[in-house]
Amino acid sequence: MSALDEGRTPERPVFREAVRSLLADLAERAPGRSVEVRVPPYGAIQCVPGPRHTRGNPPNVVEMAPNTWLELATGRVGWAEAVTEGRVQVSGNRADLSAYLPL
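This text gives an overview of the structure that appears in the document. (Residues numbered from 1 in each chain as written. Predicted model: local features only at pLDDT ≥ 70, side-chain atom pairs only at ≥ 80, totals over all residues. Heavy atoms only, no water.)

### Things to note about the side chain of S34
- Within the secondary structure, S34 sits in the loop between α2 (12-29) and β1 (35-39).
- When its relative accessible area of 2% is taken as the criterion, S34 is described as buried.
- In terms of polar contacts, S34 uses its side chain to reach the backbone carbonyl oxygen of V48, at 2.8 Å.
- Residues in contact with S34, not counting those within four places in the same chain, are C47, V48, P49, G50, P51, N60 and R94. (Helix = DSSP H or I, 4+ residues; strand = E, 2+ residues; numbered from the N terminus. Buried < 20%, exposed > 50% of the residue type's maximum accessible area, 1.4 Å probe, protein only. Polar contact = N/O pair within 3.5 Å; in protein donor to acceptor, adjacent residues only side chain to side chain. Contact = heavy atoms within 4.5 Å.)

Shown next as structure tokens:
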């Protein structure tokens, strides 16, 4: 995160591991399969209790860039702010992760 704080992009392996690790933390904190969280190109998880999605495009999707995910997960930016600014794309009535962030 220090690289992001300094306005630099972290090395790809470090960036990838940070994203995946924090996604795993979210999956533990919000177990379930009703929301798909996508952080391309590094990872995607299903989380949040509720109806399980099994086929086709999931109805509840959250997608964002890796740097936005790291900022949300670590509390550097708030959920409402990131959504309002268009940094997070959400669809579905369960796609609000504010209760689980920051990690």
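Now that the structure has been shown, we can carry on.
### Topic: the sheet that holds strand β2 (residues 43-47)
- With mixed pairing, the 4 strands of this open sheet are ordered in space as β2-β1-β3-β4. Of all the strands in the sheet, the pair left with one neighbour each is β2 and β4 (88-91). The sheet shows a mean angle of 15° between the axes of neighbouring strands, taken without regard to direction.
- Relative to β2, β1 runs antiparallel, the two being bridged by 5 bridges. Note that in β2 the partner of V37 across the bridge is I45. (Pairing = 2+ DSSP bridges. Axes fitted to C-alpha atoms, helices over the stretch in contact; angles between N-to-C directions.)

Interpretation in functional terms is not warranted from these geometric data alone.
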